[in-house]
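# Commentary on secondary and tertiary structure
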Amino acid sequence: MPATLANNGNRTAQGALLRLFASRGLGFVERPANCEYLDTEVGTEALCVLDEPIAPGDSFALANPLKVRKNALYDRYDYSVEPYSAEALEAARAGRTFTPGTGAELNLVTAPALRTATAAGTAKTAARTAAEAPVPDLDPQDNYRSVIVHAANTADLRLRGSRVEGAVGATVRAEVTVKNRGPAWIASLGAGEPAATVDVRVPAGTTVMAKPDSCSALSEGGEWLEQQLGAPRYRCTTPIYLYENASHTFGFDLRIDRAGKSRSVVALDNDQYEPPVRSFDPDLTNNTAAIVVNG
């Protein structure tokens, strides 16, 4: 993933702090010794100290290759730069514990000069000499870039309902489960949308007495309701990511109000998410299920 660091200012910078983030479907091929790393639920963060002088007009390529993993789908690579200082490094750590890399140091490689602020990875770094403190960056607005990596992969979502039984007046637990059968994980790290959205219809003759916080009440026609319990329909959302081979379950407490069998349909919204589920899910036939009461 090419990135370039340039000094578009008028004084030499004596060092820079590089911040990197590769989401879970991507990985750093090497972990240089002048970088430190933190693995999180959604990817890996890296902080790299570049202590080489960067003169006005200098432009350098950052040779830090990434690998695309088998679980990649819509992944994200972020990189930013700022003038180095011990304070800036501590602020970037934010009290978290990073692990130093052990590979060869990440060095700057001369690249053609970039003269516009729109070039990827461009940063105006501040000057610092041995006798003076760092000068603030002239324009921090162009110090950050983010790239979405679209891998040629699929993620098969499967929806599972449940069968419950009970006497009239009893309250039973009905569950709806979304499973990501992979091979890719699903993550909306840019838009922050749910990885999956489920339309849950409540079986006739039952009343919802408790529901998940991530489910919102709807009318039969799909309009939002203020009263959250006792609705005929619910819109349920998962977190913004769902690992491969992982599941997310929505549980409803249903009071059985009348005797006899009752059945309702639950369905994934195949047009939700960006891009929509139907664009990466190879099998839409398993995206519907049922809740069956006394059947």
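Look above for the structure.
To start, this report covers the structure provided alongside it. Since the structure is predicted, the reported quantities are computational estimates derived from the model, not experimental observations. (Residues numbered from 1 in each chain as written. Predicted model: local features only at pLDDT ≥ 70, side-chain atom pairs only at ≥ 80, totals over all residues. Heavy atoms only, no water.)

The full count for this structure, using the stated rule, is seven aromatic pairs. Between Y74 and F280 the ring centres are 6.3 Å apart and the planes differ by 70 degrees, which places this aromatic pair in the edge-to-face class. Of this pair, Y74 sits in strand β8 (residues 74-83) while F280 sits in the loop between β22 (262-268) and β23 (288-293); the two residues are 206 residues apart in sequence, bridging distant segments of the chain. Comparing Y74 with F280, the two get one shared label, buried. A network of ring pairs unites the aromatic residues W185, Y241 and Y243 as a single cluster. Across the ring face of Y243, the terminal group of R24 is positioned such that the distance to the ring centre comes to 3.8 Å. (Phe/Tyr/Trp six-rings, centres within 6.5 Å; stacked < 30°, edge-to-face > 60°. Helix = DSSP H or I, 4+ residues; strand = E, 2+ residues; numbered from the N terminus. Buried < 20%, exposed > 50% of the residue type's maximum accessible area, 1.4 Å probe, protein only. Lys NZ or Arg CZ within 6 Å of the ring centre and 35° of its normal.)

Moving on, we come to the state of the cysteines. Applying the stated criterion across every chain yields a total of two disulfides. Put simply, C35 and C48 are joined by a disulfide, and their sulfur atoms are 2.0 Å apart. Between C35 and C48, the S-S dihedral sits near 110 degrees, and the bridge is therefore right-handed. With a gap of 13 residues between them, C35 in strand β4 (residues 35-39) and C48 in strand β5 (residues 43-50) connect regions that are remote in the sequence. Like C35, the residue C48 is buried in the burial classification. Residue C215 pairs covalently with C236 via a disulfide, S to S 2.1 Å. Judged by the sign of its S-S torsion, about 115 degrees, the cystine formed by C215 and C236 is right-handed. Taken as a pair, C215 in strand β18 (residues 215-218) and C236 in strand β19 (residues 233-237) lie far apart in primary sequence, 21 residues in all. Judged on exposure class, the residue C215 and its partner C236 are both buried. (Disulfide = S-S within 2.5 Å.)

Sheet analysis places strand β14 (residues 171-183) next to strand β21 (residues 246-256), joined by ten bridges and oriented antiparallel. Residue pairing across strands places R173 opposite D253, the latter belonging to β21. Pairing of strand β17 (residues 206-210) with β21 involves four bridges; the strand directions are antiparallel. Note on β21: the bridge partner recorded for A210 is D253. (Pairing = 2+ DSSP bridges.)

What follows concerns the side chain of S23. Within the element layout of this structure, S23 appears in strand β2 (residues 16-23). At 2.8 Å, the side chain of S23 and the backbone nitrogen of R76 are in polar contact. The contacts of S23, once residues within four sequence positions are left out, are V42, G43, D75, R76, W185 and L189. (Polar contact = N/O pair within 3.5 Å; in protein donor to acceptor, adjacent residues only side chain to side chain. Contact = heavy atoms within 4.5 Å.)

On to unusual backbone geometry, then. Cis rather than trans, the peptide bond between G182 and P183 has omega equal to 5 degrees. Located in the positive-phi region is N245, a residue other than glycine, with phi close to 65 degrees. Checked against the element boundaries, N245 lands in the loop between β20 (241-242) and β21. At N294, a residue that is not glycine, the phi angle is positive and equals roughly 55 degrees. Summarising the element assignment, N294 is placed in the segment after β23. For N294, a relative accessible area of 24% corresponds to the partly exposed category.

For the rest of this paragraph, the subject is the side chain of D78. Residue position: D78 is located in strand β8. At 2.8 Å, the side chain of D78 and the side chain of R76 are in polar contact.

By the element assignment, D58 lies in the loop between β5 and β6 (59-62). On the basis of relative accessible area, D58 is assigned to the partly exposed category, the value being 27%. Separated by 53 residues in the primary sequence, D58 and L5 have C-alpha atoms spaced 8.4 Å apart. In this structure, D58 is in contact with L5, A6 and N7, ignoring residues within four places of it in sequence.

As a further point, take the sheet that holds strand β13 (residues 162-164). The strands that make up a sheet pair up through hydrogen bonds in the backbone, lying either parallel or antiparallel. As summarised here, the arrangement of the six strands in space is β13-β23-β22-β16-β19-β18, forming an open sheet in which the pairing is mixed. Of all strands in the sheet, those bounded by a partner on one side alone are β13 and β18. Along the sheet, successive strands turn relative to each other by an average axial angle of 20 degrees, direction set aside. Bridge count between β13 and β23: three bridges; the pairing is parallel. By the bridge assignment, V164 is partnered in β23 with V293. (Axes fitted to C-alpha atoms, helices over the stretch in contact; angles between N-to-C directions.)

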